[in-house]
Amino acid sequence: TLQCTIIKPGDIWTETKISNMAALRKIKSPDCIIVLLIMLIIFLLSYNSCNPTTETVDTGALKSQPPADKIVADSRINNSLLQLLRRTTMQDRTVIITMVGQEWASPGSVLDLFLESFHIGEETKPLLNHLLIVALDSKAFQYCKTVHPHCFYLSNTSTRYTKKKQLSLPQVRNKFWQEVIELAYSVVFTEVDVMWLRNPILQVDCLKEMTIACDVYSGDLQNISYVKDGGFFYLKSNAITSEYFKYQDMTRILFPDSQNRTLCEETVVNGELFETLSLRINYMEQDLYGEFCQQNINMDTICTVRANCCDDTESKVHDLKLLIEDWRSFTKKNSLRGSSPPYTWRAHSKCKG
């Protein structure tokens, strides 16, 4: 569990004016004029809609209190989502979230291996109580309910997503993360093909707006496809992260043909924007997260491993099973007195390493 200051929903809009003014002061060049205009629009909208309050949230009574989570009263908020957030939240109002579609949600699928990794990882099983699985379709939702107690169907019953068929998956994700953040819950997001072998949340810097498993120091940064993305990040719920997603919404309206990037890619390409918003980023140490695209993984330090660089689901499942078996063997041998690593992985026999 993160040891952070409890978030007060009322404080977020009190901070909004301060963060907006700080962002405006940082804009010094003509290249930032469009950012200035967007931030000005966001500021005006926020000023007219906010309802500051000094009410304190009693996290010890979250499950028994009425829906006081909302930053701004909004009848569109899905009550089932609110209930699930209250049920899965950690003490500091942080929720682990993943998203899955029907291709990866069936018996013996990626979702099954994802959940298994929590059961066999070091001190990761209790985190399942704080995991919310978001299903992207009805089949994934039906299967999720058979393997996990906390499932949410991202359907058009939530009015914020009534036009989701017109949005790309990255845009749908952004809008969902924004909704959770504006309900004053911080997000630990993980791709469903990320195996949790140790607890990566212990590496989160909760004083910063974002902690991300993203290597921005290696590869060809002119080509973001070479940037190492561990498929894991933390987003703190405050005015700054809320402003960032509002900016993303405005960008989609002004530039409908703009490229849909992952959050890892955004930190590489739009570094100036994060600086303008005063959005502080903590990059995880590279030996704490791995992926199938890399050759060597240090089993003594690794927290998560992502099964990317796979051409098809069958290959992904095959190599993930090897990874799970290797981890079981490693932990068993490592627990024996006098054992001496290193240990060799068998993974990526079908995925491209």
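Here the structure is a predicted model, which means the values were calculated and not measured.

Thresholds applied
- Residues numbered from 1 in each chain as written.
- Predicted model: local features only at pLDDT ≥ 70, side-chain atom pairs only at ≥ 80, totals over all residues.
- Heavy atoms only, no water.
- Helix = DSSP H or I, 4+ residues; strand = E, 2+ residues; numbered from the N terminus.
- Buried < 20%, exposed > 50% of the residue type's maximum accessible area, 1.4 Å probe, protein only.
- Contact = heavy atoms within 4.5 Å.
- Areas by Shrake-Rupley, 256 points an atom, 1.4 Å probe, with all protein chains shown as cover.
- Expected span 1.5 Å × (residues − 1).
- Polar contact = N/O pair within 3.5 Å; in protein donor to acceptor, adjacent residues only side chain to side chain.
- Phe/Tyr/Trp six-rings, centres within 6.5 Å; stacked < 30°, edge-to-face > 60°.
- Lys NZ or Arg CZ within 6 Å of the ring centre and 35° of its normal.
- Disulfide = S-S within 2.5 Å.

A. Seen up close, the overall build of the protein chain. When helices and strands are counted, the protein chain shows 10 helices and 10 strands. Looking at the protein chain residue by residue over its 353 residues, the buried ones come to 55%. Here the analysis covers contacts within the protein chain between residues at least 6 apart in sequence; of these, 73% occur between residues at least 24 apart. Accessible area of the protein chain: about 16900 Å², with a carbon and sulfur share of 50%.

B. Inspection of helix H6 (residues 169–182) at higher detail. With 14 residues, H6 extends 20 Å from end C-alpha to end C-alpha; this agrees with the ideal 20 Å at 1.5 Å per step. Burial of H6 is extensive: 12 of the 14 residues sit out of reach of the surface. Within the span of H6, buried status applies to Gln171, Val172, Arg173, Asn174, Lys175, Phe176, Trp177, Gln178, Glu179, Val180, Ile181 and Glu182. Just past H6, the residue Ala184 takes up positive phi, approximately 70°.

C. Representation of helix H5 (residues 138–147). Turning to H5, its buried residues number three or more, namely Ala140, Phe141, Tyr143 and Cys144. Buried-residue contacts for H5 involve strand S1 (94–100), helix H4 (110–120), strand S2 (131–135) and strand S3 (151–153). A side-chain oxygen of the first residue of H5 lies 3.3 Å from the backbone nitrogen of Lys139; this N-cap is Asp137.

D. Highlighting the packing of aromatic side chains. Under the defined criterion, the tally for this structure stands at 11 aromatic pairs. Ring plane angle 65° and centroid distance 4.9 Å describe the contact between Trp177 and Phe189, whose orientation is recorded as edge-to-face. Placement of the pair is Trp177 in helix H6 and Phe189 in strand S4 (residues 186–190), with a sequence separation of 12 residues. Here Trp177 and Phe189 have matching classes, each one buried. One aromatic cluster is present, built from ring pairs that chain together Phe114, Phe118, Trp196 and Phe232. The ring of Tyr289 carries Lys228 above its face, with NZ or CZ at 4.6 Å from the centroid.

E. Examining the state of the cysteines more closely. Inspection of the entire model under this criterion finds four disulfides. With its sulfur 2.0 Å from that of its partner, Cys144 forms a disulfide with Cys151. On the sign convention where negative is left-handed, the bridge of Cys144 and Cys151, at about -85° about the S-S bond, is left-handed. Like Cys144, the residue Cys151 is buried in the burial classification. The residue that forms a disulfide with Cys310 is Cys351, at a sulfur-sulfur distance of 1.9 Å. Between Cys310 and Cys351, the S-S dihedral sits near 95°, and the bridge is therefore right-handed.

By themselves, these are just geometric observations and shouldn't be taken as functional.
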